[in-house]
Structure formats: C-alpha cells, structure tokens
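Survey of secondary and tertiary structure
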Amino acid sequence: MRNTIKSEWWCREVYKENVVVFPGGESKKAGWGRAWLRRGGEWASSLRFVQLLLAKKWTFLLVLVGFLLGRAVILESLMPFAAAYFAVIYFMRRDVHAWIAVSLIAGSWFAAVPSPMWIAMEIAVLFLMFKGLEAYEKAELSSAPLLVFAAMLLVQLFSVFVGDSLSWYNFMMVVVEAALGFVLTLVFIQAIPVLTMSKKTATLKNEEIICLMIMLASVMTGAVGWVVYGMSVEHVMSRYMLLLFALAGGAPLGASVGVVAGLILSLADLTAIVQMSLLAFAGLLAGLLRDGGKMAVAFGMLLGTSILAIYVGSQSDVMSSTWESAAAAILLMLTPKVMIRTIARYVPGTNEHAKSQHDYAKRVREVTAERVSQYSEVFRQLSRSFGQFSGASTALKREEELGHFMNAVAERSCLNCHRQNACWETKFYHTHQMMTDMITSVEEGRTPSAKSMPRQWTNHCVKPAQVIGVMEQQYELYKNNMHWKKQIFDSRQLVAEQLSGVSKVMEDLAGEIKREGQTLHLQEEQIREALEGLGLSIQEIEVINLEEGNIEIELYHHFSQGYDECRKIIAPLLSDILGEHVAVKSERASGKSGEPTLVVFGSAKEYEIETGIAGAAKGGDLLSGDSFSMLELGNGKFAVAISDGMGNGERAREESSAALSILQQLLQSGMDEQLAVKSVNSILLLRSSDEVFATVDLAIIDLYTAKTMFMKIGSTPSFIKRGNEVILVTANNLPIGILQEIDVDMISMQLQPGDALIMMSDGIYDAPGHAVNKEMWMKRMITELKTSDPQEMADALLETVVRHHEGDIADDMTVLVARVDKHLPEWASFRWPGLTRLERPRTVS
C-alpha cells in the first residue's frame, strides 16, 4: 500500500509539471496525464510483486529443492529423501511446510518409478506424529530422525504387505530405506540452514560442509534422466557445483565435492559409476589451479574429465563429456564473483574466511572502542561540569559578605529596637558605614571591649555591646560556613580531576583497541617468509602491535628443546627487519604433549634496571611498617617506591601497603602520576577518622631515555651514586593522609648508565641521630661502598646502620637500590641476503 501511494504521488507530480497551456490561457491537462496515473498504479502493483518475490526467494528455492528431492531415486527403487526433507522443513520453516509437501508429491509423480501415493502417506503419517507430539509439547527437532525412520518403516512395510511379493530381500530394502531416511534427516538438519544462509556463525564445521555437499548431490539426483541437446542435466549440475566449490575452497574442497557428488549420482544411476573417480580427479585439478581464476579452474576441470573420459569411454562419451564440461564452465563464467566470495567466506582456511574473521574482530574492536570513547566523553563532561560548578561556588564577594552580616545582625539586635527606623531609614548610610567598620574590626580580631568602644559608635547605637556580641557570634558561624564551603570546593575539584584522569585512561584504552584492530596480515606474511627463508618452520605467528618501542609478536613453534632458536635466531632476525632491538619476553610451553609452545617477542628497552632490597622491622619483629614496590608499568617505564606508615607494626604496615597498592594500580592503568598520588591521599583520608598517614617516595624511570621523575611526599631524601659522586634528591612536604590538599613535589633528573638510585625510609636516614649532619653522613656511607651490585649495596647500608646502633634496631628500616644499565642484546642481529625492512602500519590517532 505504501509503495502504491509513493508511485501515485510521483505520477501526480509528473502530471502537474506536464500541463499543456493553450493560447486562450486555459490550461488543460493532457489525456496522457491520466494514463500516467494508471501506469503508476500498475507499476506499484508490479513493485509489490517483485518485493514479494524477493521476500519469498528462499521459499521458492525450498519448493524447487522439494520437487527435485521428491523425484530423486537411488538404487533403482529407494526414495528416502522426501520424508526426511519434509520433517526438517516442518521444524525449521513451519510457514511453508504445506507447499513443500505438495512439491514433494508432485516431484514423485514425475519420478522414473512414480510413487506419489506412498510419498503422500509418509508425509501424512509424519504430520500426524508431529501433531500428536505437539499436543503433549514433546515435538522437538532432535526427535525428527526417529520419527522419519518410524513413518517410513510403517508405510513401506504396509506397501510390502499389500504387494504381490513377500521376501526377505524386500523387508531388508524397507529397513535400508528407513535407515537412509534417518541419516538423511540428520544431514538435512545441518545442511538446510547453510543452504538458506540462515546460519549466524561465519565459520562452518567440516561436518556441515559435507552435509551441504550430500544435500546438493541428492538434489541433483532429481534431475537424472533429463537431457538437453545431448547433455545430461545432472552431469552439468555436478560439474558446475564442482567448479564453484573448487574455485572457492581449493583442491581439498574440490576433490571432496567430486567424491560426494560422484558417489550419490552413481547410486542414482548405476551405469554412471565412473562419475565418482572422474569428478574427484577433475575437482582436484580444478582446485589446484584456483589461483588462476575462473578460466584456470575451468581448464583444470575440463582436463581432468577429458583424461578419464578418453581412458574409460567411447568417442561419443568423450564428446558428450566435453560438451557437459563446457556448459558447466559457461555457467561458472556467468556466476557473479560475490557468490563465490560468499561461499569462500564460510570455508575454513581460505583467504576470504580469514578476512571475514578479521573484519568481524575489527568490527567488534571498533564498536568496543567507540563505546569506550563514549564513556570517556561522559567522564570528561562530568569533569567539566564539576569544575564549572566548583568555579561558580567560589568565595562570596566582599559586598555580599557585608550584606549577610548586616542582615543577620539587624535581625538579631535591631529588630525590636525603638530606634530601628531612625537608624535604618533616616540615617541608613551612616549606620551602614558604622556597621562596616565594626565588622572589619571583628574580622581582624580587634573587637573592642566595653570600655574601649569608639565614642562615635556608642553615640550612634543604644546597644553597642549587644550588637558587638551578635557580630562575634555571626562571624564564628561565617567562619565555619566558609570552612565547609572550602572543603566542598576542594572535594569537587578533586572529583573533577579524578574524572578527568579516568577519561584520559579510557581514551588511551580506546586508542589501544583501535591500534590492535589494524590489518597486520601483510606484516605477518613477511615475517613468516623471512623465517622460512632461514629454514625455520613455525606453526603460527600473530602480530599484536608494531608501534615503535611497544612491539608485541606472538609465535607458536614445535622446536626441539636445547637449541633456543627464538633467542639466538628469531629475535635477532626480527630486530633487523623491524629496525629496533627485539627480545623474548616470555616463553610458555604447553602442558599437553604435541601442542605448540607460545613465545612472546617484544621491544627490548634501551636501558634495564637491576634492583636490590634490604629491610628490618623495629626490635627484630617479623612485620615492618615499611612497604616497597618495584614494577614495570607496561608503557616503557619502571617504577620503584617506598612507603613508611605512621608508627610501627601491623597498623603502619596496613597504611603503607594500602598507599602503595592503590598507587601501583592507578599507575598501571595509565593515570597521570600527580593525579594518582592525590587520589591515594583522598582515599587514605576517607578510610578512617583516626590520624593515620604514610610517606611515599616514588621514582619512575623511562627505560628508553633513562629520564627519571621523582615524587616525594613526606619522605626522606634519595641519593644517586654516580661513580665517586653522590647526588642528593630531596623535597619538603607533608605525608599523604593528613591534609585534604597536598603539595606534590616533582623532580626530574637524567640518569646515566651505571647510576645507582638509593631510596630509604626514615629508619635508615635518621640513624646517626640529631647531632650529626645526616646528609653528609649518608653520602659518606654511600661513597665508601666497594660494590656496584644493587643487592650488595642495600645489604651493606643496612648492616652499617645496624652496627652503628650496636645491633639495636630502633625503627623500621628499608633501603632500596636500583641500578640503571645500558641494555645489551643477548644476540646480535644479522643481515640476511634479500631481507627487506618491514613496513609499519600507521598509528591510529
């Protein structure tokens, strides 16, 4: 109806524009205008009919398949296809089961041995069984094979009993036909969703492909006996199907189609037993020439059929076979490429299938990245709204504060005064000035006493002491109000900063997801070819990321143990073709025998960190209040940190470990370092109402440049030992967990290869006592160290402090040493002749 309206509207518009204007000024619509309207209605009806055809295309296909299956006969008398097909269609396409039943009966009427009555009886028995099971809500697709077997057995036994001949052979054939119906039902259950493209998954199992081949070959048996210009229709159809699948799936699929189609056709026509070997050989040759396109595949099939036809047939058979192959080749040429690509997309192992899988994964990544970006924008908008709201709620202006004071004081002291009208109406400006001066005095802490009140104020106000008292009370309320407003303002500001940090993290995550979705198949093939050029056979390679400094490549292999090809050969080769040092990050052998080993290659950093740690608890206890952390953040940075909780023992340990664990998680998520420290501070403030705090001494080392960022919050100084020189790194601020707003001192320094970074808690730094210059004493201790090993340096410093106190451990002591060294590859890269540098994909912004 809607299409009719659209067509008629279009015709009316054309009719309006094509108006014939006569000289007399009279406009007369031509007669063909009404014809346009009538034709528009006819076109609308035609359009509805075409849409109906398109909407019912699978219905017509299923009806046509039903007609051919109803006509199909194997072993000269068996017709097991009709009942199996009807049963599956009844469950999968209930809306067309009546048409399918009619097409099956009509097809059986035109069979070589017409049996429409028996086919109709089988379908009727099946229909009654289905209705009976539906009455008890037991009708399921899984029960269809057994129902088909039972229905065919009952009908065929009845046909044997009412027939003239009773023999064991006839009974055996009845059982065989019912068993074939059982098997074909299972086949059709797998094949019909694939045939109608209603299967949702983009990957077909081998069983589903075989079932589809069996079904198509069974449909071809319905064309046995049809001859067009001396060519057998079933031979042309079988060879066309062979060409189609050989071009889509290659030699394995082509040979498989040839075997299945030849076997089914030989069962339908016992004189065509040679077709099985002929089609199998032709499918193999056609599939081997798949890369040459349609012409090459058709040539391979023509060559295969001609060779066997010449070998086993007569001259007439050779000519008919050649013409049938030529007809199939012409049909292949007329087949659109999109149909072949669609078939290839469902065949595992083809490039189209791999591309479809990659496209699906890419779409998932894009949708995920878009959703993460939307969440990031939501957090960014929330951050802006909090920031705007906080900015709008700044301190009140001076005039508003004065107005607030004056209103409050006037309500409390002047409302019931007999001079209210004289002060606030007759002498308003004078009263306002006097009140402003007195409020200023109260704010500055110069509240006058009863004896020292200004004479001008006492002459103007009849209750000066009472007004001053009210002013003091209101000022205390005002100070409390301003304090809580500032607290709210600071909290909102912190929430805005944290939301902004979360937004930044999610934005980076979206970028990572998009970067992972880039097409890296070309790079994978280049690496595979380079490895195979060295004689190394790997099972699978997957390039995760090729971003400079953040390379990640996964490789599966079956190499023998003991030769270490990954570190000695593959990593140097990847270093050469990628232009930067690549090293083995991890290697995980499979727990099951026969499965491959997974090796992960990644960018080798320009610098590497070697650490050492030594510590002791107060009084020799087991639990220290100090915590430390040493971890790689995953973005080319290495973090070392020490936290000292207030006091000693379990409570101090909880505070220091909580501070470090939260800080570690925030840094690993990608949050800005300064914002991460502020977030930890706010979390510690909210954890408990008790007075608890912890120091944080954090150093983040860039493994590409050795540039180090120090963040010290209430911590002791750190030291850098560079040869015989000791460099002091210090800052002055309070520990976290005390104040709502803390100052984070960030100090940037450039480390050099061989530098040793020494960080310590106050138990080590305060060891010499207050009478000694602690910095000079610690510098001397570090200078006297005779070793460059980080662990030995940490042990030596701890031992020196303990000996200084004659074995007494007066406080928790922790010392952490991190030495920066230039990374030296374990194996040098080598140049292989003909090896080209790998082209990196562009980074997704």
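Residues numbered from 1 in each chain as written. Predicted model: local features only at pLDDT ≥ 70, side-chain atom pairs only at ≥ 80, totals over all residues. Heavy atoms only, no water.

**Digging into the overall build of the protein chain**
If you tally the helices and strands in the protein chain, you get 28 helices and 18 strands. Relative to its full complement of 845 residues, the protein chain shows a buried share of 45%. Nonlocal contacts in the protein chain, meaning residues at least 24 apart in sequence, comprise 69% of its contacts between residues at least 6 apart. Carbon and sulfur atoms provide 58% of the accessible area of the protein chain, an area that totals close to 44,700 Å². (Helix = DSSP H or I, 4+ residues; strand = E, 2+ residues; numbered from the N terminus. Buried < 20%, exposed > 50% of the residue type's maximum accessible area, 1.4 Å probe, protein only. Contact = heavy atoms within 4.5 Å. Areas by Shrake-Rupley, 256 points an atom, 1.4 Å probe, with all protein chains shown as cover.)

**Re helix α23 (residues 565-578)**
Taking 1.5 Å as the rise per residue, α23 with 14 residues should run 20 Å; its terminal C-alpha atoms sit 18 Å apart, in good agreement. Approximately 25° is the largest bend angle found in α23, and it occurs at A571, with the proline P572 only one to four residues beyond. By the criterion of burial, α23 is predominantly enclosed, with 11 of the 14 residues buried. Taken together, the buried positions of α23 are occupied by E565, C566, I570, A571, P572, L573, L574, S575, D576, I577 and L578. Following α23 by one or two positions, G579 has its phi on the positive side, about 80°. (Expected span 1.5 Å × (residues − 1). Bend = angle between axes of the 7 residues up to and from the residue.)

**Description of the nonpolar core**
One broad trend across soluble globular proteins is that nonpolar side chains are buried collectively. Ranked by internal contacts, the top residues of the largest apolar core, which has 84 residues, are Y85, L126 and F188. A per-element tally of this core places helix α4 (residues 81-92) first, with 11 residues. Aside from chain neighbours lying at most four places away, what touches F188 is L69, F81, A84, Y85, V88, P193 and M215. By size, the runner-up hydrophobic cluster in this structure holds 25 residues, among which are A616, M778, I782 and V802. (Core = buried A, V, L, I, M, F, W, Y, C linked by side-chain atoms within 4.5 Å.)

**Brief notes about the packing of α4 against helix α8 (residues 168-195)**
Between α4 and α8, the least distance of the axes is 8 Å, while the angle of their chain directions is 45°. Considered as vectors, α4 and α8 are oriented oblique to each other. As for how α4 packs across α8, the hand of that crossing is right-handed. Counted together, F81, A84, Y85, V88, I89 and M92 of α4 and G181, L184, T185, F188, I189, I192 and P193 of α8 form the full contact between these two elements. The residue inventory of the contact of α4 with α8, partitioned by class, reads 11 nonpolar, 2 polar and no charged. (Axes fitted to C-alpha atoms, helices over the stretch in contact; angles between N-to-C directions. Parallel < 35°, antiparallel > 145°, perpendicular 65-115°, else oblique. Left-handed = near helix turned anticlockwise from the far one by under 90°. Nonpolar A, V, L, I, M, F, W, Y, C, P; charged D, E, K, R; others polar.)

**Focus on the sheet that holds strand β17 (residues 756-760)**
Sheets are built from strands that pair by backbone hydrogen bonding, the pairs being arranged parallel or antiparallel. Spatial ordering of the open sheet is given by β9-β18-β17-β14-β15, a layout of 5 strands whose pairing is antiparallel. The open sheet has two edge strands with one neighbour each: β9 (607-616) and β15 (725-729). The average undirected angle you get between the axes of adjacent strands in this sheet is 20°. The pairing of strand β14 (residues 718-722) with β17 spans 3 bridges and is antiparallel. Of the residues in β17, the one forming a bridge with F719 is I758. Relative to the sheet, helix α28 (residues 790-804) contacts β9, β14, β17 and β18 (813-822), its axis offset from that of β9 by approximately 25°. (Pairing = 2+ DSSP bridges.)

**Observations regarding the pattern of salt bridges**
On inspection of all chains with the given rule, the structure shows 13 salt bridges. Taking the shortest distance from any N to any O, the salt bridge between R239 and E324 comes out at 3.6 Å. Within this pair, whereas R239 is found in helix α10 (residues 233-249), its partner E324 is found in helix α14 (residues 315-334), the two being separated by 85 residues in sequence. There is no split in this pair, since R239 and E324 are both buried. Here E610 and R819 are joined by a salt bridge, their closest N and O atoms 2.5 Å apart. Taken together, the positions of E610 in strand β9 and R819 in strand β18 put the pair 209 residues apart, joining distant regions of the chain. Residue E610 is classed as partly exposed on the basis of its relative accessible area of 31%. What you see here is one network of salt bridges that share partners, running through R94, K131 and E134. (Salt bridge = Lys/Arg side-chain N within 4 Å of Asp/Glu carboxyl O.)

**Considerations on the environment of T221**
As for its placement among the helices and strands, T221 is situated in helix α9 (residues 206-221). Residue T221 is classed as buried on the basis of its relative accessible area of 2%. In sequence terms T221 and A72 are 149 residues apart; their C-alpha atoms lie 5.1 Å from each other. Setting aside residues no more than four positions away along its own chain, T221 makes contact with A72, F81, I264, L265 and A268. A polar contact is formed between the side chain of T221 and the backbone oxygen of S218, at a distance of 2.3 Å. (Polar contact = N/O pair within 3.5 Å; in protein donor to acceptor, adjacent residues only side chain to side chain.)

**Overview of the environment of T350**
Positionally, T350 belongs in the loop between α15 (337-345) and α16 (351-392). Judged by relative accessible area, T350 falls into the buried class, the value being 5%. When residues no more than four places from it in sequence are discounted, the contact partners of T350 are A248, G249, R290 and A344.

**Digging into the packing of aromatic side chains**
Applying the stated criterion across every chain, the model contains 10 aromatic pairs. Look at Y90 and F91: their rings are 5.8 Å apart centre to centre, the planes differ by 90°, and that puts the pair in the edge-to-face class. Among the aromatic side chains, those forming a connected cluster through ring pairs are F86, Y90, F91, F127 and F130. Here R94 stacks its cationic end above the ring of Y90, 4.1 Å away from the centre of that ring. The ring centre of Y607 lies 4.6 Å from the NZ or CZ of K822, which sits over that ring. (Phe/Tyr/Trp six-rings, centres within 6.5 Å; stacked < 30°, edge-to-face > 60°. Lys NZ or Arg CZ within 6 Å of the ring centre and 35° of its normal.)

**Details of empty space enclosed by the protein**
Rolled over the atoms, a probe as big as a water molecule pinpoints where empty space is left. Applying the stated rule across the entire model yields 5 cavities of 30 Å³ or more. If you add up the space inside the largest cavity, you get close to 140 Å³. Forming the walls of the largest cavity are 15 residues, and the residues nearest its centre are C414, C423, W424, C461 and V467. Of all the elements in the fold, those that place two or more residues in the lining of the largest cavity are α17 (398-414), α18 (420-426), α19 (428-443) and α20 (455-460). Looking at the lining of the largest cavity element by element, the count peaks at 3 residues for α18. A breakdown of the residues in the lining of the largest cavity according to their chemical character gives 9 nonpolar, 4 polar and 2 charged. (1 Å grid on protein atoms, 1.4 Å probe; cavity = no way out; pocket = protein on both sides within 12 Å on 5 of 7 lines; lining within 4 Å. Points joined across faces, edges and corners; volume = space filled by probe spheres on them.)

**Quick word on the sheet that holds strand β5 (residues 540-545)**
Sheet architecture is open: 4 strands sit in the order β5-β6-β8-β7, paired in antiparallel fashion. Across the chains shown, the open sheet's two edge strands, defined by having one partner strand only, are β5 and β7 (582-588). With direction set aside, neighbouring strand axes in the sheet form an average angle of 20°. Taken together, the 6 bridges between β7 and strand β8 (residues 597-603) define a ladder with antiparallel strand orientation. From the neighbouring strand, S586 faces β8, where its bridge partner is V600. Each of β6 (552-557), β7 and β8 is contacted by α23, which is oriented at about 140° to β7, the strand it contacts most.

**What about the side chain of S624?**
Topologically, S624 is positioned in the loop between β9 and β10 (626-632). Of the polar contacts made by the side chain of S624, one reaches the backbone nitrogen of D626; its length is 3.1 Å.

Treat this as a map of the structure, not an account of what it does.
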